[in-house]
Structure formats: structure tokens, C-alpha cells
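Notes for the structure review
Each chain, letter by letter, is given below.
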Amino acid sequence: MLPITETENKKTALIDQVSTLDAVRLINAEDKQVADAVEAVLIDIAAVIDRVVERLQNGGRLFYVGTGTSGRLGVLDASEIPPTFGVSYDLVQGVIAGGYDALYNATEASEDSRESGAEDLQSRGVGVKDAVVGIAASGRTPYTIGAVEYARSIGCFTACVTCVPDAAITKAAEIAIVAIVGPEAITGSTRMKAGTAQKMVLNMISTVAMIRLGYAKGNRMTNVKPSNIKLKDRALRILRAETGLDNDQAIELITSADGDMRVAILMFREGISVEAAKTALAKNDFVIERAAASLHPNRIR
């Protein structure tokens, strides 16, 4: 029996015979179903996030594993976490069948090896403290299933993101996130609705995990790395909002903090030197609130 992601969509059967506008209307109508499919599994997404946070709080890391579009989405999400939240590039990692060359060259044949999935995790030094999330639209990809099975066998927390109920990968993982988006507009092209659903789920997992760990205040990127003009402008806006300083004062403060907004905020809040702020942050995983609390151990909360 074909997984639902491989079945034909009757609503788009004549997409090659309609106008360009009608073709995009058909695709848009299908895309509207994605948010509802993700909403239906929010409880499972939240459960995965809580388990991931537990691992990260205790020295673990988060690994996304996948092939093709699924693997590329995992690498994409992982790569965006360090600049957004100021964490190490090791904390969230994307593992894709065929290696990083597969990001721009199709190497779909590499997804057929169960053993390769386990071997690629072994090469990253995945251990008992870590969390592994397998991403597979069809839920039957040998590479991803092998990786999840290996991770679970050594004591990692394991989850999966798929679009097919009762797929093989749902049996391999501890918690399955199954966003049922239905048949694709182009039969089997899971880079479309399934890929969009996976991207939405990964956004939630990584973003809320970082919030729970303290790498944002409210909805502000207080730990952002201002590494280009756009991010420097954003950092100044956030710093002004956090401190009430005008633009010139904010520039002076972040310059004195060696361009590190986390340091600048702590310096302002606690009235301490750049060295003291850096030391407190380094001792507290660069979480601003924890660093501030560490400076007042006897303060009643």
C-alpha cells in the first residue's frame, strides 16, 4: 500500500492544462492545509521540545537526521540557530545522507542504507545525553530509520517528523510527530506540502527549545550575534528596547562590550565591567538571566 505522500491528488489532476494563475491557485489551496495539519499535532511537538530541552540542559546536543529535502531542512534549521541565539554550532546539528554535498547535489541513492544512518551519527560522536530527531516525509527511509534506531539503542531521546501515520519510523522513535498533509499537488513531490510542514515543525522545536533555555527575552533576540549590517542594526534596536538608551548611547555601550549584545545588556543591567560580564556569562552558558542571578546569590527571588 502506498504511503499517502505518494498517492495522486485528484484536485490537481489537470494542473498541466490550466492557466498559470489557476495552477498557482491549486497549489495555494493545497498549501492552506499545512498549518491545520501541524496544529493537529501541537501536543506531540510540545512533548518533543520538553524532552529535547531536558537533554540540552544536561550537556546534550540536538541532531536532525534526514535525506533529500528532509535532510536539507534539518541542516537549514540547525545552521540558523547559532547566529539567532548565540549558541555553539555544535549544539544543534543537521546530519544528511550523502554529507553536505547533498545540499546542492541530489544524492538520493544514499538514503537506502540503514547502516549509513547509524555510522553518520557515530562519526558525530552522538551519545547518551543527546537528542535525535529523524525527518522523513514518507516515514520509510532506511537511512533515517537506521539512525533513529541506533540513537535509541544507545539511550538518546528520539523523535521523528513524518507525514504518514503508522509509518516505520514512528515505531523506531519514542515520540512521533505526524503532520498529515495529504497527497502532494505533484504526486510524490514531498518538497512541497510535506516539506513545508516539516519546516514549520522544526522551527517550533528549535525556537521554543532556545527560548526555554533562556536565549531570548520575550520575543527579542537578546543573544543574537551581530555579524553583518542587518544584524548589527537589529542588535541596536533590541539593545535600545532593553535599556532605554538612545542610539548613540547604545552604540557606545555595545562597542565597549566588544560588539557582544549579551555582554552589553548585562553590563548595563548590573553596572559591571566588560570583563565581569564576560566571566559571569561564560559561567552560565551565556544565558543573561542566569548570569545576572549568579551575581546576587543571596537575593530572594
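In this report, we go over the structure that sits alongside the text. (Residues numbered from 1 in each chain as written. Predicted model: local features only at pLDDT ≥ 70, side-chain atom pairs only at ≥ 80, totals over all residues. Heavy atoms only, no water.)

What to know about the overall build of the protein chain
Selection rule: The secondary structure listing takes helices from DSSP runs of H or I that are at least 4 residues long and strands from runs of E that are at least 2 residues long, numbered from the N terminus. By definition, residues are in contact when any of their heavy atoms lie within 4.5 Å. With residues, only the protein chains shown are counted as cover, and all accessible areas are computed by Shrake-Rupley using a 1.4 Å probe.
Scanning the protein chain from N- to C-terminus turns up 12 helices and 5 strands. C-alpha extents for the protein chain along the principal axes are approximately 65 × 50 × 35 Å. Across the protein chain, contacts joining residues at least 24 apart in sequence account for 64% of those joining residues at least 6 apart. Only carbon and sulfur atoms are counted for the fraction: they give 52% of the accessible area of the protein chain, which is about 14600 Å².

Examining helix H5 (residues 142-153)
Using the following cut-off: What a helix is expected to span follows from its residue count: subtract one and scale by 1.5 Å. Residue exposure (1.4 Å probe, protein chains only): buried if accessible area is under 20% of the type maximum, exposed if over 50%, otherwise partly exposed.
In a regular helix each residue adds 1.5 Å, so 12 residues correspond to 16 Å; H5 covers 16 Å between its end C-alpha atoms and thus fits that length. Buried within H5 we find Tyr143, Thr144, Ile145, Gly146, Ala147, Val148, Tyr150 and Ala151. Once H5 finishes, glycine 155 follows within two positions and takes phi at roughly 100 degrees, a positive value.

Side note on the pairing of strand E4 (residues 157-162)
Which entries qualify depends on this criterion: A pair of strands counts as paired when DSSP detects no fewer than two bridges linking them.
For E4, the buried fraction is high: 6 of the 6 residues fall into the buried class. Neither face of E4 is open: one carries Phe157, Ala159 and Val161, the other Thr158, Cys160 and Thr162, and all of them are buried. As judged from the 5 bridges shared by strand E3 (residues 131-135) and E4, these two strands associate in the parallel manner. Residue pairing in the sheet places isoleucine 135 in a bridge with valine 161 of E4. Note that E4 and strand E5 (residues 175-178) share 4 bridges and pair parallel. Bridge pairing in E5 places cysteine 160 opposite alanine 176.

Some points on helix H3 (residues 68-85)
With 18 residues, H3 should reach 26 Å at 1.5 Å per residue; the first-to-last C-alpha distance of 27 Å fits that figure. Among all positions of H3, only Gly68, Ser70, Gly71, Leu73, Gly74, Val75, Asp77, Ala78, Ile81, Pro82 and Phe85 are buried. Backbone geometry just downstream of H3 places glycine 86 in the positive-phi region, at approximately 70 degrees.

Brief notes about the nonpolar core
The line we're drawing: By nonpolar core we mean a set of buried residues, namely Ala, Val, Leu, Ile, Met, Phe, Trp, Tyr and Cys, connected to one another through side-chain atoms within 4.5 Å.
Ranked by size, the top nonpolar core spans 42 residues in total, and within it Leu62, Tyr64, Ile205 and Met210 carry the most contacts. Broken down by secondary-structure element, the contributors of at least two residues to this core are helix H1 (20-39), helix H2 (42-57), strand E1 (62-66), H3, E3, E4, E5 and helix H7 (193-213). Considering each element in turn, this core owes the most residues, 8 residues, to H7. When near neighbours in sequence (up to four residues on either side) are disregarded, tyrosine 64 contacts Gly74, Asp77, Ala78, Val92, Gln93, Gly94, Val95, Val133, Ile135, Leu202, Ile205 and Ser206. Ranked by size, the runner-up nonpolar core spans 24 residues in total, among them Val224, Leu245, Leu253 and Ala257.

Quick look at the pattern of salt bridges
Quick reminder of the rule: Every case where a carboxyl oxygen of Asp or Glu lies within 4 Å of a side-chain nitrogen of Lys or Arg is listed as a salt bridge.
Evaluation of the coordinates by the stated rule reveals 12 salt bridges. Arginine 25 is paired through a salt bridge with aspartate 22; the nearest N and O atoms lie 3.3 Å apart. Taken together, the positions of arginine 25 and aspartate 22, both in helix H1 and 3 residues apart, correspond to about one turn of that helix. In this structure, aspartate 285 and arginine 290 form a salt bridge, with 3.3 Å as the shortest nitrogen-oxygen distance. We classify arginine 290 as partly exposed; its relative accessible area is 40%.

Points about a nonpolar patch on the surface
Heads up, the rule is: Nonpolar side chains (Val, Leu, Ile, Met, Phe, Trp, Tyr) within 5 Å and like charges within 9 Å form the patches, drawn only from residues with over 30% relative accessible area and no salt bridge.
Taken together, Tyr100, Leu103 and Tyr104 make up a surface patch of nonpolar side chains, about 340 Å² in accessible area. Take tyrosine 104: it is sitting in the loop between strand E2 (92-96) and helix H4 (114-123).

Comments concerning the side chain of glutamate 30
Applicable threshold: Any N or O atom pair separated by 3.5 Å or less is treated as a polar contact, with the protein-specific requirement of one donor-capable and one acceptor-capable atom, and with residues adjacent in sequence counted only for side-chain atom pairs.
Of note, glutamate 30 is situated in helix H1. Glutamate 30 gets classed as buried once you look at its relative accessible area, which sits at 4%. Of note is the side chain of glutamate 30, whose polar atom sits 2.9 Å from the side chain of asparagine 9.

A short note on the state of the cysteines
Note the following rule: Cysteine sulfur atoms that come within 2.5 Å of each other are treated as a disulfide pair.
Taken as a whole, this structure holds 0 disulfides when the rule is applied. Cysteine 160 takes part in no disulfide bond, and the closest cysteine sulfur to it belongs to cysteine 163, at a distance of 10 Å.

Here we look at the environment of threonine 5
Within the element layout of this structure, threonine 5 appears in the segment before H1. For the pair threonine 5 and valine 263, spaced 258 residues apart in the sequence, the C-alpha separation amounts to 48 Å. When sequence neighbours within four positions are dropped, the list of residues in contact with threonine 5 reads Ala137, Ser138, Cys163, Val164, Glu184, Gly188 and Thr190.

Let's talk about unusual backbone geometry
Within the chain, aspartate 258 stands out as a residue other than glycine whose phi angle is a positive 60 degrees. The residue aspartate 258 is located in the loop between helix H9 (247-256) and helix H10 (261-270) in this model. Owing to a relative accessible area of 56%, aspartate 258 belongs among the exposed residues under this scheme. In this model, aspartate 285 sits at a positive phi of 55 degrees, which is unusual for a non-glycine residue. The topology assignment puts aspartate 285 in the loop between helix H11 (274-283) and helix H12 (288-294).

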